[in-house]
Amino acid sequence: PREEIKNIGLAPLTSMFYFDETNRDRFSDFRPSVHDSDGLLINNGAGETIWRPLANPRHLQISAFIDENPKGFGLMQRPRNLGNFADLHAHYHRRPGLWVEPHEGWGKGAVTLVEIPTDREIYDNIVAYWRPETPWQAGEEHHLTYGLTWGPQSNYGAGLRVLNTRIGAAHHSGLIIAIDFEDGDTLPDDLGEIEQIINASGGSVKEGVIQRNPETGGIRLAFHFEPEEAGLVEFRVLLRLNEQPLTETWLYRWTA
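To start, this report covers the structure provided alongside it.

### Observations concerning the layout of surface pockets
Reasoning step 1: If you add up the space inside the largest pocket, you get close to 520 Å³.
Reasoning step 2: Lining the largest pocket are 20 residues; nearest its centre among them are Asn81, Asn84, Leu163, Asn164 and Thr216.
Reasoning step 3: Its residues placed into classes, the lining of the largest pocket shows three nonpolar, seven polar and ten charged.
Reasoning step 4: Empty space within the second largest pocket amounts to approximately 410 Å³.
Reasoning step 5: Together, 20 residues line the second largest pocket, and Thr22, Asn23, Arg26, Trp254 and Thr255 are the ones closest to its centre.
Reasoning step 6: Among the elements of the structure, strand 12 (162-169) and strand 20 (249-255) are those that each provide at least two residues to the lining of the second largest pocket.

Here is the structure:
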């Protein structure tokens, strides 16, 4: 750098997220979903696989996922059926994901996600990049290399993948959040053996219900959430079996 750079974005990605089953009530559209990507996938330096569903917020929001020597990150499109979008023109079900794989240790920093409000699907409103923890000083030299992989593949980490996230009003008050996970050999026959870890930074959460989803063959975790006075809540959900991660870690930022 010729001068100090306090905020630099490395391996930047852009995409578009308009709406899906998490915010469907805000849009009048004949299609059930409209997006080029539906989630940020991170395989962090600690070996944890994180899935963060994307959002089209009412106000600009920036999320930083602190890490050291990440193994990879990318913006992914997991729905792959025409019926997920019912769009005969845009063919959103064919949009590729893009995976970034560092070739050497990148040190400390954060995978940064920027979500920009949009009222039209023609704008790229999603940005993701790696931000080093320490600003780059003038005259310093840095050497970083990485590979880029485009395609439909979205299983770059460990654990059963998140297939879909649904959010909507509960019958009396609060919200129901439903997370669908894929099928796999690691799923036990007795779903009661699965441990639920549901954390929320605000409001209150009731223990969820885990059921088989006959459409996907996998399982669905559904739980009730009361925002109470919270205007912003960070969720963290993980299913475990025998004290070991069974699924990806699901992260989500809910805003009133």
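### So, the pairing of strand 20
Reasoning step 1: Along strand 20, six of the seven residues are buried, which leaves the element largely enclosed by surrounding structure.
Reasoning step 2: Alignment of strand 5 (residues 49-53) against strand 20, held across two bridges, turns out to be parallel. Bridge pairing in strand 20 places tryptophan 51 opposite tryptophan 250.

### Section: the environment of proline 188
Reasoning step 1: The residue proline 188 is located in the loop between strand 13 (175-181) and strand 14 (195-200) in this model.
Reasoning step 2: The exposure class assigned to proline 188 is buried, which follows from its relative accessible area of 10%.
Reasoning step 3: Sequence spacing of proline 188 and leucine 113 is 75 residues, and the spatial spacing of their C-alpha atoms is 34 Å.
Reasoning step 4: Aside from chain neighbours lying at most four places away, what touches proline 188 is Glu193, Ile194, Arg212 and Leu241.

### Describing a nonpolar patch on the surface
Reasoning step 1: Where nonpolar side chains cluster on the molecular surface, the patch consists of Leu60, Ile62 and Ile116 and spans about 270 Å² of accessible area.
Reasoning step 2: Mapped onto the elements, leucine 60 comes out in the loop between strand 5 and strand 6 (61-68).

### Looking at empty space enclosed by the protein
Reasoning step 1: Applying the stated criterion across every chain yields a total of one cavity of 30 Å³ or more.
Reasoning step 2: Looking at the largest cavity, its volume works out to about 60 Å³.
Reasoning step 3: Secondary structure elements with two or more residues in the lining of the largest cavity: strand 5 and strand 12.
Reasoning step 4: For the lining of the largest cavity, the element with the highest residue contribution is strand 12, accounting for four residues.
Reasoning step 5: Within the lining of the largest cavity, the residues separate by chemical class into four nonpolar, two polar and three charged.

### A closer look at unusual backbone geometry
Reasoning step 1: Phi angles above zero are rare outside glycine, and alanine 11 is one such case at about 50 degrees.
Reasoning step 2: Not every positive phi belongs to a glycine, and histidine 91 is a case in point at roughly 50 degrees.
Reasoning step 3: Inspection of the secondary structure assignment puts histidine 91 in the loop between strand 7 (72-76) and strand 8 (97-102).
Reasoning step 4: Histidine 91 gets classed as partly exposed once you look at its relative accessible area, which sits at 26%.

### Focus on the packing of aromatic side chains
Reasoning step 1: Summed over the entire model, instances satisfying the criterion amount to twelve aromatic pairs.
Reasoning step 2: With a centroid separation of 6.1 Å and an interplanar angle of 50 degrees, the aromatic rings of tryptophan 106 and tryptophan 130 are classed as tilted. Placement of the pair is tryptophan 106 in the loop between strand 8 and strand 9 (108-115) and tryptophan 130 in strand 10 (residues 126-132), with a sequence separation of 24 residues. There is no split in this pair, since tryptophan 106 and tryptophan 130 are both buried.
Reasoning step 3: Taken together, a centroid distance of 4.9 Å and an interplanar angle of 80 degrees make the contact between phenylalanine 225 and phenylalanine 235 edge-to-face.

### A look at the sheet that holds strand 6
Reasoning step 1: Strand order in the open sheet formed by four strands is 1-10-9-6, and the pairing between neighbours is antiparallel. The open sheet has two free edges, formed respectively by strand 1 (10-15) and strand 6, since each of these has just one partner strand. The average angle at which neighbouring strand axes cross in this sheet is 15 degrees, direction not considered.
Reasoning step 2: In this structure, strand 9 lies alongside strand 10, joined through seven bridges in antiparallel fashion. Residue pairing for strand 10: threonine 112 is matched across the bridge by tyrosine 129.

Parameters at a glance
Residues numbered from 1 in each chain as written. Predicted model: local features only at pLDDT ≥ 70, side-chain atom pairs only at ≥ 80, totals over all residues. Heavy atoms only, no water. 1 Å grid on protein atoms, 1.4 Å probe; cavity = no way out; pocket = protein on both sides within 12 Å on 5 of 7 lines; lining within 4 Å. Points joined across faces, edges and corners; volume = space filled by probe spheres on them. Nonpolar A, V, L, I, M, F, W, Y, C, P; charged D, E, K, R; others polar. Helix = DSSP H or I, 4+ residues; strand = E, 2+ residues; numbered from the N terminus. Buried < 20%, exposed > 50% of the residue type's maximum accessible area, 1.4 Å probe, protein only. Pairing = 2+ DSSP bridges. Contact = heavy atoms within 4.5 Å. Patch = residues over 30% accessible without salt bridge, like charges linked within 9 Å, V, L, I, M, F, W, Y side chains within 5 Å. Areas by Shrake-Rupley, 256 points an atom, 1.4 Å probe, with all protein chains shown as cover. Salt bridge = Lys/Arg side-chain N within 4 Å of Asp/Glu carboxyl O. Phe/Tyr/Trp six-rings, centres within 6.5 Å; stacked < 30°, edge-to-face > 60°. Axes fitted to C-alpha atoms, helices over the stretch in contact; angles between N-to-C directions.

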